[in-house]
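Tertiary structure, described
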Amino acid sequence: MAALIYHIFSSSALVSLGLYHVISATRNHLKSPRDYSAKPYHPFPSSSSLPPPYHRLKYLQLYLLILCLLVAFAHQALISTDSDPLLKGRTPVHFFTSLQSAFVILLFLLLSLSLLLSETTSLLPLPTDLFFGVASGLFFLQYTVSSSAASVLLGNIMLPCFLGFIIIMFSVQSSGQGF
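On a predicted model such as this, the values are computed, not experimentally measured, just so you know. (Residues numbered from 1 in each chain as written. Predicted model: local features only at pLDDT ≥ 70, side-chain atom pairs only at ≥ 80, totals over all residues. Heavy atoms only, no water.)

1. With respect to the overall build of the protein
Each helix and strand counted, the protein has 4 helices and 0 strands in total. Of the regular secondary structure in the protein, the N- to C-terminal order runs α-α-α-α. With 179 residues in all, the protein has 18% of them scored as buried. For the protein, the share of sequence-separated contacts (at least 6 apart) that also reach a separation of at least 24 residues comes to 55%. Accessible surface for the protein amounts to roughly 12,700 Å². Of this, 74% is attributable to carbon and sulfur atoms. (Helix = DSSP H or I, 4+ residues; strand = E, 2+ residues; numbered from the N terminus. Buried < 20%, exposed > 50% of the residue type's maximum accessible area, 1.4 Å probe, protein only. Contact = heavy atoms within 4.5 Å. Areas by Shrake-Rupley, 256 points an atom, 1.4 Å probe, with all protein chains shown as cover.)

2. Thoughts on a nonpolar patch on the surface
Taken together, the side chains of Leu-57, Leu-60, Leu-64, Leu-67 and Val-71 define a hydrophobic patch exposed on the protein surface, amounting to about 420 Å² of accessible area. With a relative accessible area of 48%, Leu-67 lands in the partly exposed category. (Patch = residues over 30% accessible without salt bridge, like charges linked within 9 Å, V, L, I, M, F, W, Y side chains within 5 Å. Salt bridge = Lys/Arg side-chain N within 4 Å of Asp/Glu carboxyl O.)

3. A short note on the packing of helix H2 (residues 60-79) against helix H3 (residues 92-120)
In contact at an axis separation of 9 Å, H2 and H3 are set at 165 degrees when each is read in the N-to-C sense. With respect to each other, H2 and H3 are oriented roughly antiparallel. H3 is crossed by H2, and the crossing has left-handed handedness. Residues Leu-62, Tyr-63, Leu-65, Ile-66, Leu-69, Leu-70, Ala-72, Phe-73, Gln-76, Ala-77 and Ile-79 of H2 pack against His-94, Ser-98, Ser-101, Ala-102, Ile-105, Leu-106, Phe-108, Leu-109, Ser-112, Leu-113, Leu-115 and Leu-116 of H3. (Axes fitted to C-alpha atoms, helices over the stretch in contact; angles between N-to-C directions. Parallel < 35°, antiparallel > 145°, perpendicular 65-115°, else oblique. Left-handed = near helix turned anticlockwise from the far one by under 90°.)

4. Notes on the packing of aromatic side chains
This model, assessed by the stated rule, comprises 3 aromatic pairs. On the basis of an interplanar angle of 35 degrees and a centroid distance of 6.4 Å, the ring pair of Phe-140 and Tyr-143 is categorised as tilted. In this pair, Phe-140 and Tyr-143 both sit in helix H4 (residues 128-177), 3 residues apart, roughly one turn of the helix. Assessed through its relative accessible area of 55%, Phe-140 is described here as exposed. (Phe/Tyr/Trp six-rings, centres within 6.5 Å; stacked < 30°, edge-to-face > 60°.)

5. A closer look at the nonpolar core
Within the largest apolar cluster, 17 residues are counted, with the highest numbers of intra-cluster contacts made by Tyr-41, Leu-62, Leu-69, Phe-108, Leu-111, Leu-115 and Leu-116. A per-element tally of this core places H3 first, with 7 residues. Once residues within four sequence positions are removed from consideration, Leu-69 is found in contact with Ile-105, Phe-108, Leu-109 and Ser-112. (Core = buried A, V, L, I, M, F, W, Y, C linked by side-chain atoms within 4.5 Å.)

6. Section: H2
Relative to the 28 Å expected for 20 residues at 1.5 Å per residue, H2 spans 28 Å between its end C-alpha atoms, a close match to the ideal helical length. Residues of H2 that are buried: Gln-61, Leu-62, Ile-66, Leu-69, Ala-72 and Gln-76. Burial along H2 is one-sided: seen end-on, the buried residues are contained in an arc of 130 degrees. (Expected span 1.5 Å × (residues − 1). Arc of directions from axis to C-beta.)

7. Regarding the UniProt feature "transmembrane region" (unreviewed entry) in the protein
Under the UniProt annotation, the feature "transmembrane region" (unreviewed entry) is placed at residues 6-23, 62-79, 99-117, 124-143 and 149-172. When the span residues 62-79 is considered, its composition is 100% helix and 0% strand, and the gap between its end C-alpha atoms is 25 Å. For residues 99-117, the end-to-end C-alpha separation is 27 Å, with 100% helix and 0% strand making up the annotated structure. (UniProt positions renumbered as here; feature names shortened; annotations may be inferred.)

8. As for the side chain of Gln-76
For Gln-76, the location among the structural elements is in helix H2. Residues in contact with Gln-76, not counting those within four places in the same chain, are Ser-98, Ser-101, Ala-102 and Ile-105.

Here you go:
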């Protein structure tokens, strides 16, 4: 139950961030279609009425994203040492796929930190195309890690089911030939 609540919380945070990004990109495109260029990050509008210590609220999304990625990385690293409930024990394959997922989350965390540094300071002036390229590579890496974990999981679950199906089919077929 705790895992379900964790996944609902993280999914709702990512969906709300994605909706904000889509709305901001659409609004910027509709304002000036000719001058529009894609940005990897749309900061909150800065208010001139806020005192200077609160101008950092403009980057609140990135701070929350980094915090959530830190929690997700710690969670994934901790559950990688836990036993797999479907296999009823610890296996090196489960440990390796969990660590792969943790590593991908760590790479997303590094990308978010570099985006924050690039936006707030002049220490890391990286072009936006580089962020888009690295992000697309990370999403492809996430896809391959997820699909390999699913194939390992399906291989462990589907094999007994498939063997059970074959045994039932042969027993039905052999009993049907005797009639």
